[in-house]
Each structure stands twice: as structure tokens, then as C-alpha cells.
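# Inside the fold
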Amino acid sequence: MAALGQYDWLLAIITIAFCFSAFGNGANDVANSYATSVAARTLTMIQVGFLSIVTEFVGAVALGARVTSTIKNGIISIDRFEDRPGVLMLAMTCAEVGSATWLMVATRLGMPVSTTQTIVGALVGVGFASQATIKWSWESGSVSQVAASWGIAPLIAGAMAAVIFGTIKYSVLDRKDPLKNALRLIPFYLAFTAAMLALFIVVEAPTAPSLEEFGAGKACGIILGVFFGMLAIAYIFFMPYFTRRLIKGDARLRWYHIPLGPMLRKDNVNLYFPGDPNGDVVIDHYESAHRAADVADSPVLKSNNEKDLGNNSPRETGVSKDPDSIDTDPEQNTLPPPAKDKRFMGPRERFLTPTAHLSMFHPQRLWSWTKFIVMQGVTRDCVSHDSKSLAKTHQRAVHYDNRVEHLWTYPQVASAILMSIAHGSNDVANAVGPWSAAYSTFQAGEVATRSPTPVWMLVVAGLLLGLGFWVFGYHIIRSLGNKITQLSPTRGFSMELGAAITVLLASRLGLPVSTTQCLTGATVGVALMNYDLGAVNWRQVLFIFSGWVLTLPIAGLISGILMVMALNAPHF
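Attention here is on the structure that accompanies the text.

Conventions adopted
Residues numbered from 1 in each chain as written. Predicted model: local features only at pLDDT ≥ 70, side-chain atom pairs only at ≥ 80, totals over all residues. Heavy atoms only, no water. Helix = DSSP H or I, 4+ residues; strand = E, 2+ residues; numbered from the N terminus. Buried < 20%, exposed > 50% of the residue type's maximum accessible area, 1.4 Å probe, protein only. Areas by Shrake-Rupley, 256 points an atom, 1.4 Å probe, with all protein chains shown as cover. Axes fitted to C-alpha atoms, helices over the stretch in contact; angles between N-to-C directions. Parallel < 35°, antiparallel > 145°, perpendicular 65-115°, else oblique. Left-handed = near helix turned anticlockwise from the far one by under 90°. Contact = heavy atoms within 4.5 Å. Nonpolar A, V, L, I, M, F, W, Y, C, P; charged D, E, K, R; others polar. Patch = residues over 30% accessible without salt bridge, like charges linked within 9 Å, V, L, I, M, F, W, Y side chains within 5 Å. Salt bridge = Lys/Arg side-chain N within 4 Å of Asp/Glu carboxyl O. Expected span 1.5 Å × (residues − 1). Polar contact = N/O pair within 3.5 Å; in protein donor to acceptor, adjacent residues only side chain to side chain. Core = buried A, V, L, I, M, F, W, Y, C linked by side-chain atoms within 4.5 Å. Phe/Tyr/Trp six-rings, centres within 6.5 Å; stacked < 30°, edge-to-face > 60°. Lys NZ or Arg CZ within 6 Å of the ring centre and 35° of its normal.

## Side note on the overall build of the protein chain
For the protein chain, the helix and strand inventory stands at 22 helices and 0 strands. The burial tally for the protein chain puts 59% of its 572 residues in the buried class. About 23,400 Å² of surface is accessible on the protein chain, with carbon and sulfur atoms providing 65% of the total.

## What to know about the packing of helix α4 (residues 85–108) against helix α22 (residues 538–567)
For the pair α4 and α22, interaxial distance at closest approach is 8 Å and the crossing angle is 140°. The pairing of α4 with α22 is recorded here as oblique in orientation. Note that α4 runs across α22; the crossing there is right-handed. Contacts between α4 and α22 involve Val-87, Leu-90, Ala-91, Cys-94, Ala-95, Val-97, Gly-98, Ser-99, Thr-101 and Trp-102 on the former and, on the latter, Leu-550, Thr-551, Ile-554, Ile-558, Ser-559, Leu-562, Met-563, Ala-566 and Leu-567. In the contact of α4 with α22, the residues fall into 14 nonpolar, 5 polar and no charged.

## Side note on the environment of Tyr-474
Checked against the element boundaries, Tyr-474 lands in helix α19 (residues 474–480). Overall, Tyr-474 belongs to the buried group, its relative accessible area being 7%. C-alpha separation for the pair Tyr-474 and Gln-376, spaced 98 residues apart in sequence, amounts to 9.6 Å. The residues touching Tyr-474, leaving out its near neighbours within four places in the chain, are Met-45, Gln-376, Gly-377, Arg-380, Cys-382 and Phe-469.

## A short note on a nonpolar patch on the surface
On the surface, a nonpolar cluster with roughly 280 Å² of combined accessible area is contributed by Phe-188, Tyr-235 and Ile-236. Relative to the helices and strands, Ile-236 is located in helix α9 (residues 216–247). Given a relative accessible area of 42%, Ile-236 falls into the partly exposed group.

## A closer look at unusual backbone geometry
Positive phi, close to 65°, is recorded for Arg-41, a residue that is not glycine. In this structure, Arg-41 sits in the loop between α1 (8–39) and α2 (45–63). With a phi angle near 45°, Phe-273 is a residue other than glycine that sits in the positive phi range. Looking at the element boundaries, Phe-273 is found in the loop between α9 and α10 (291–296).

## Focus: helix α5 (residues 115–129)
Here α5 is 15 residues long and its end C-alpha atoms lie 21 Å apart, about the 21 Å a rise of 1.5 Å per residue gives. Where α5 begins, the capping side chain belongs to Ser-114, and its oxygen is found 2.9 Å from the backbone nitrogen of Gln-117. Downstream of α5 by a residue or two, Gln-131 has a phi angle that is positive, lying close to 60°.

## Details of the pattern of salt bridges
This structure, assessed with the given rule, holds 7 salt bridges. The shortest N-O distance in the salt bridge between Glu-287 and Arg-41 comes to 3.9 Å. Taken together, the residues span a long stretch of sequence, with Glu-287 in the loop between α9 and α10 and Arg-41 in the loop between α1 and α2 at a distance of 246 residues. Here Arg-396 ties to Asp-532 by a salt bridge, and the two come within 2.9 Å at their closest N and O atoms.

## A few points about the side chain of Thr-490
Along the chain, Thr-490 turns up in helix α20 (residues 489–508). Given the relative accessible area of 0%, Thr-490 is considered buried. The residues contacting Thr-490, other than those within four sequence positions of it, are Phe-165, Ile-168, Leu-173, Glu-405 and Trp-408.

## Notes on the nonpolar core
In terms of nonpolar packing, the biggest core is built from 94 residues, with Met-45, Ile-186, Phe-242, Leu-407, Trp-408 and Ile-477 touching the most fellow members. With 11 residues, helix α7 (residues 178–204) is the single largest residue contributor to this core. Sequence-distant contacts of Trp-408, defined by excluding residues within four places in its chain, comprise Ile-168, Val-172, Ala-182, Ile-186, Tyr-189, Pro-489, Thr-490 and Phe-493. Core analysis: the second largest hydrophobic core is formed by 40 residues, Leu-90, Met-92, Cys-94 and Val-447 among them.

## A few points about the side chain of Thr-409
Looking at the secondary structure, you find Thr-409 in helix α17 (residues 409–444). Among the residues examined, Thr-409 registers a relative accessible area of 9% and is labelled buried. In contact with Thr-409, not counting residues within four places along its chain, are Thr-42, His-285 and Pro-489.

## A look at the packing of aromatic side chains
This structure, assessed with the given rule, holds 16 aromatic pairs. Aromatic ring contacts, followed pair by pair, group Phe-18, Trp-435, Tyr-439 and Trp-456 into a single cluster. Lying across the ring of Tyr-170, Lys-169 places its NZ or CZ 5.9 Å from the centre.

## Some words on the packing of α1 against α4
Packing of α1 against α4 brings their axes to within 8 Å, and their N-to-C directions diverge by 30°. Viewed along their axes, α1 and α4 form a crossing whose handedness is left-handed. The class makeup of the residues in the contact of α1 with α4 is 17 nonpolar, 8 polar and 1 charged.

## Brief notes about the environment of Phe-188
The topology assignment puts Phe-188 in helix α7. Look at Phe-188 and you get partly exposed, because its relative accessible area is 37%. Setting aside its immediate chain neighbours within four residues, Phe-188 contacts Phe-227, Leu-231 and Tyr-235.

## Structural notes on the environment of Gly-556
Relative to the assigned elements, Gly-556 resides in helix α22. Put simply, Gly-556 and Gly-98 are 458 residues apart on the chain and 7.3 Å apart in space, counted from C-alpha to C-alpha. Excluding residues that lie within four positions of it along the chain, Gly-556 makes contacts with Gly-121, Ala-122 and Gly-125.

Set out below in C-alpha cells:
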């Protein structure tokens, strides 16, 4: 039996709030890991949905315990609650409710905010309300160190991403024969990405709480082994695939043919499940994302527009009322998109419209509703836009050879996975920390915030992170994606790897940094490598920055007001 059974209602409330907090965390922050991959057309939303569930779970369960202790213990002093464990449970409940509320609101508004700032602000708010001592001084886990990481992390991530992209730019993209140089260097980038993943799994593994205990020699051996092992795999399996697809132009090849390895060097190799031989060898990663222009070029809508010329109704012509609006929702158009623009169809048009004429309980219509409910979050158009100003921003970025860009789709996916694992390891604490502290206190009957976080809590949080992205994450994918600058696989790879390295370094130091700020800093850093300020959508950067500014006071006010009201209620 729990020692504080009379407070089971508080545990129930914080458990519900935790679910919303972890769900909102996934919806808002998981998009950081994969937004550049979606915008560069490397991965689809459905692929990202499945990947995020796996990678967030691995990061949260395998690597997330260290930062959770900082959230539980480091922000406010627990001395105030030593003889009043029920009040500590109340404080953590108010913090969790405040954090969950702001995350859900911000995500619905399409505002990519820092979930780390949200929970820290909420804890500071309850600290003020309960007159608990807030750790402002420069010490481990204090607000000062956390706040400093918010300012430093984006700069470090931006510089690191710019350096990574600079190596690709000057060694490959700007050379006389970029494809030849790309084929020489891509095995090393694949190996380097794999080595980075191995490095942080080694130093973050639960069996190695410190690198000193694990042994630097053993760690170096594992990392170098992974590097050279991946290098061998790249030369044996990836290079024949790249040569046949990009040099010989064999459009039948798909990624699942990579295991054929050396056999792909034969002229008459038998391919299992081959692709369309008349299809494109590589896609156009720089295809215009300006949807208004694409729709205007459609012969179907062109004739409709000519008929409605005197009406001047943008809703009827399928063009946004405000062409400079960045956040136009494609589903608001009343005209069905033409066949070639099927990618603009929203889940309602995709799943419900074809069976709308059937009775409500017809099996086909019920199946359509099932697909709509399950898939509506990962079948959204998160690439196109109706902003003329954003289209001009994209045109200012340098366009490189699509065959070279295709080579970097593979390390880009690997870097996105690394970024997602980094997010799971670092940001799972934002939801689990307060819930774990309240649960441990409830069970022990005394303040027990320093007890280890149960693994089952990390498991639940990891699943909710992935589910949050699956259902609600498209809002943030739209905001981050290509609305800051023109995205491509080489750029996306540099952004994701630079941000991932920064986040995982911070996780190693126990600093709960913001993945949103790291990725935004990395995106701006790479965009500036165009050496043109006009290649950055500063309006979107300002929009994201305003969310960061609002997060701390709003989360703090919600949690603080709830705490004051509860403390001054008659039963307390």
C-alpha cells in the first residue's frame, strides 16, 4: 500500500497531465528531428511516423534517465517540502498541468517551442508560488546553467552544422565534377555518422554512467570499429548501388536492392521487386514547393479560374486569399485538387470524400473513417506553401546537382535517427521528471525525488512521444520544414547531425537543452552558408523566437496560479 493513499487524487491528475505533456512533447519536439528530411523530400510523413515511434522509444528508455534527475532535483530546492510530501506532489502536479497546457496550445498554433523551457518555467512558477528556493546560482542543474545552455546551444549547433556543411560544400558541391567527388567521399560520411551514433550510445549507456568507468580505450575501440566496419559496408554494398543507379542511370533500383552489393556491378543482374524502368533515377529535391504556382499551372484549375474570373473568390479558385500567408492549410480549398497535385490532398479528401455518398454504417465508409482517424496526422501536406515571399527566399539558395543530393539522403536519414534518439534521451525528462518525483513521494510517504526513475515510466513516455508526433506533429513539421530556408539532403544532413551532436553532448553533461533551439540554430547556420541573408526567412525565425520568449512566462504563470489557488484553498 502507498504511504500517502489520501493523495491518490493528486497522483491521478498528474498521471493524466503527464500523458498530455508527453504527447505534446512528441507533437512539438519530435518534428525537430525529421522536419528537414520531410522538407527535402527524403522521407514521407508516414515513414517518419513509424521511425519516430522506434527512435524516440530507444532514446527515452535506453538513454533518458540521466537528464530526468536534473528536472526532478535541480530546478527548485526540495527543502521547502521536507515535512510536507503532499505539497510536493501538488507542486509537481501543477507543474505538469501547466507544461501540458502550454505545449498543446503552442502545438495547435504551429509554434515550435522549447519543451525544456516549458517544464523549467512551470517548475519556477510553482517555486515562486510555494516560496521554495529556486536555484539561480551557477551550480550543477541550476536555472542559470539551464538558461545558459539555451543561449549557447543554438550558437554551438549553428556553428557545428555550418562546419559540417562547409566540408561538403567545398569538397564536393562546389567542385568541377561534384558527382565524382561525392562518390569518393560518401562512404566516409556514412561511416562518420555511424561512428557518432556509436559514440553517444557508448557514453550514454546505462551500464556506463561515466566514460571513465567504461574506459576510454574500450570506447575508442568500439567507435573506431564501427567507423571502419561501416566504411567496409559502404564500399561493398552502397557503392555498387550508387554506381549502377547514378552513373548507369538504372531507374529500377530501390533502396532494398542495396544488399545485392557486388552483384549490382553485373550488366544483367536479376532484381527482386524492381521499380519502374521508365521512372526518374532521382527525384528533384529542389522542386518548387510554392503550391499556388503549381495549382495555377494545372489545366483543370486554369479553366475553372477562367470561368470564375469575375468572382474574385480565392476559395473557389483554389488559391489562398492571402498569397503571403505562410501557414495556409491546403484542406481549406473547396475545389478538389487535380490528379497531378494529389500530394496536396488532405486526409479528409483522401479518405472520406470517396465514400461520402454511402450510408454511415456501410463497411467501406466505416473503413474510410478508421483510416482517417488513424492516418490523419501522417497524411498531411507538410512541404508545399502559398507564400510568394517564401518562394523568393528559396530561389536565393544555391541549387546543386540532384544526383549528389541523392547520395546524402542515406546519411541524412541516419542523422535524423540520431537526432531523434538524442531528443528521446534528453527531452523525455521534461514529462517524466515531475511525474516520477510525485510517484516516488506517493509510494514512500516522504519526499523521494532522488530515487531512480522506474524504467516502465520511460517506456510509457517513449511510446507517448512517438504517438504525439503521429497524431499532431504535422503542425510543427509545417512550421520548421522549408519555411526557414531551402532544404536539400546535404543541408538537412548537416543540420540534423550538428544539432544531434549538440543535444547529445548536453545530455551527457546533464543539461536539458532545447532540441528546438538547437535545430533552429543549425538551420540558420547552414542557411547562412549561402552567403546571402536573403536566403533565410527571418520572419519565420522571429516567429519561432517569439514562441521561445512567451514559453517561460506563460508556463510559469499557469503553474504558479494553479499552485497559489490550491495552497489557499480551505482543504490545504
